[in-house]
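A closer look at the structure
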Number of protein chains: 2
Amino acid sequence: MNAGRKTSFAGKSRGGAGVPVRGDRRAAGVRLGVLEGWIGFHLRMAQGASFRAFAGCSGRRQLKPGRFAALLLIKHNPGITQSALGRAMARDKSSVTPLLQDLQRLGYVTREQSQSDRRNVHLTLTPAGRQALGVLLAHAKRHERRLEEIVGRRKTLLIGLLREIADMGM
Amino acid sequence: MNAGRKTSFAGKSRGGAGVPVRGDRRAAGVRLGVLEGWIGFHLRMAQGASFRAFAGCSGRRQLKPGRFAALLLIKHNPGITQSALGRAMARDKSSVTPLLQDLQRLGYVTREQSQSDRRNVHLTLTPAGRQALGVLLAHAKRHERRLEEIVGRRKTLLIGLLREIADMGM
DNA sequence: TATTGTTATACTCTATAACTATA
DNA sequence: TATAGTTATAGAGTATAACAATA
């Protein structure tokens, strides 16, 4: 059906008289419709772009943002338990376990059973972990600087909003 | 080593004299350190929360945000090609293919080979797709309303910032 | 040569459920 | 009973590379 399709979309009509359109690379004149005004959608897109840019910054085979955040949280909260770490990152404990096994295998963290409550495992950075984190921080700061260039003085406001959204499920 | 560990973190000291602390559920007094001021981190957390809330809204076994966005984009751009859809969603074409096979299997979209350029496949919603989208929109609007309640009049500003970030890799 | 779309494949992230041990 | 952590497992989402058809 609709054999002689002319496509309401994909014709050569975009950009008027064949003029290349700036901003062509992604949207290519695609209409977003209701998505245009949807926070959830733009959140997804922005996070994806930030993630890809971070991966690019840290030169391929580096640690992913998740590992990186975990290292940083352990650094700032030495002795934190796995569960507390999971809560801080909003991840289930079963997601935290393999992550830490990884970091331990790399020699970046130590895990010690608590004496007062032997169910707990306390996490601390090793010297190697500290050093690796230092290198990673250089990459991450570069990435963060790019983001800051984009948002400028609206950074505080943006972070405030993002934190409020992050707390929505609580 | 460090046998008699007292843990600089996990003590009972938080909240002063045993007073329950508001906001305890996630951070539980965890220090974020540099992460505190990092846009990338808060972006990740906010997106995660939004994603989980969306999943909750759409009653478990519903369509995920990705499928939903694809349906919406097809609706607003009838005849769009797979590649263009991929660009609009910032996804590789090889990620788009299975997504559309899924939507076609559900009977929500049709795929027609273009006549003018037989490499292209044009996408359109079926009546069933339209109807399903209507139902989904109800859920999604509920979710979006929650987000709007959080950000209030700062919505336009937030979306503007997110779009700029989403364009960072371009 | 370049582009559209498909396939095969592999990797990451995540959660659920069932389990152990501890409390 | 409730919590901390592990394991097994499954599912979603994504990308890379090689490929066929087409331009």
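From a predicted model like this one, the values you see are computed outputs, not experimental measurements.

1. Some details on unusual backbone geometry
Not every positive phi belongs to a glycine, and Ala 90 of chain A is a case in point at roughly 60°. Of note, Ala 90 of chain A is situated in the loop between helix H3 (82–89) and helix H4 (93–105).

2. Overview of the packing of aromatic side chains
On inspection of all chains with the given rule, the structure shows four aromatic pairs over all chains. With a centroid separation of 5.9 Å and an interplanar angle of 25°, the aromatic rings of Trp 38 of chain A and Phe 68 of chain B are classed as stacked. Of this pair, Trp 38 of chain A sits in the segment before helix H1 (39–57) while Phe 68 of chain B sits in helix H2 (residues 65–76), on two different chains. The exposure classification of Trp 38 of chain A matches that of Phe 68 of chain B, with both residues buried. Consider the rings of Phe 54 of chain A and Phe 68 of chain A, whose centres lie 5.9 Å apart with planes at 40°: the pair is tilted. Remark: Phe 68 of chain A occurs in helix H2 (residues 65–76) and Phe 54 of chain A occurs in helix H1; sequence separation between them is 14 residues. The residues Phe 54 of chain A and Phe 68 of chain A share a single accessibility class, namely buried.

3. Observations concerning the interface of chain A and chain B
By a frequent convention, interface size equals the accessible area lost on bringing the separate parts together. Of the residues lining the interface, 80 residues belong to chain A; the matching set on chain B comes to 80 residues. For the pairing of chain A and chain B, the buried interface totals around 8100 Å² over both sides, and the portion due to carbon and sulfur atoms is 67%. In this structure, the connection of chain A to chain B is made through four salt bridges. Two residues, Glu 164 of chain A and Arg 154 of chain B, come together in a salt bridge whose shortest N-O distance is 3.5 Å. Summed over the shared surface of chain A and chain B, the number is 18 residue pairs in polar contact (both at pLDDT 80 or more). Elements with a minimum of two residues in the side of chain A that touches chain B: H1, H2, strand E1 (80–81), H3, strand E3 (121–125), helix H5 (127–151) and helix H6 (155–166) of chain A. In terms of residue count, H1 of chain A provides more of the side of chain A that touches chain B than any other element does, 13 residues in total. When its residues are assigned to classes, the side of chain A that touches chain B shows 41 nonpolar, 20 polar and 19 charged.

4. As for the relation of the copies chain A and chain B
Once chain A is rotated about the relating axis by 180° and shifted along it by 0.0 Å, it coincides with chain B to within an RMSD of 0.0 Å. One copy is carried onto the other by what is essentially a two-fold rotation axis. Same-surface contact between copies: 100% of interface residues of chain A are shared with the interface of chain B.

5. Structural notes on the pairing of strand E3 (residues 121–125) of chain B
Residue and element names in this part refer to chain B. Burial of E3 is extensive: four of the five residues sit out of reach of the surface. As defined by bridge partners, strand E1 (residues 80–81) adjoins E3 across two bridges and the pair is classed as antiparallel. Bridge assignment links Ile 80 to a residue of E3, and that residue is Leu 123. Sheet analysis places strand E2 (residues 109–113) next to E3, joined by five bridges and oriented antiparallel. Counterpart to Val 109 in the pairing with E3 is Leu 125.

Thresholds applied
Residues numbered from 1 in each chain as written. Chains lettered and ligands numbered in written order. Predicted model: local features only at pLDDT ≥ 70, side-chain atom pairs only at ≥ 80, totals over all residues. Heavy atoms only, no water. Helix = DSSP H or I, 4+ residues; strand = E, 2+ residues; numbered from the N terminus. Phe/Tyr/Trp six-rings, centres within 6.5 Å; stacked < 30°, edge-to-face > 60°. Buried < 20%, exposed > 50% of the residue type's maximum accessible area, 1.4 Å probe, protein only. Contact = heavy atoms within 4.5 Å. Buried area = accessible area lost by both parts, 1.4 Å probe. Salt bridge = Lys/Arg side-chain N within 4 Å of Asp/Glu carboxyl O. Polar contact = N/O pair within 3.5 Å; in protein donor to acceptor, adjacent residues only side chain to side chain. Nonpolar A, V, L, I, M, F, W, Y, C, P; charged D, E, K, R; others polar. Least-squares fit on C-alpha atoms with pLDDT ≥ 70 in both. Pairing = 2+ DSSP bridges.

Nothing here speaks to function; it is all geometry.
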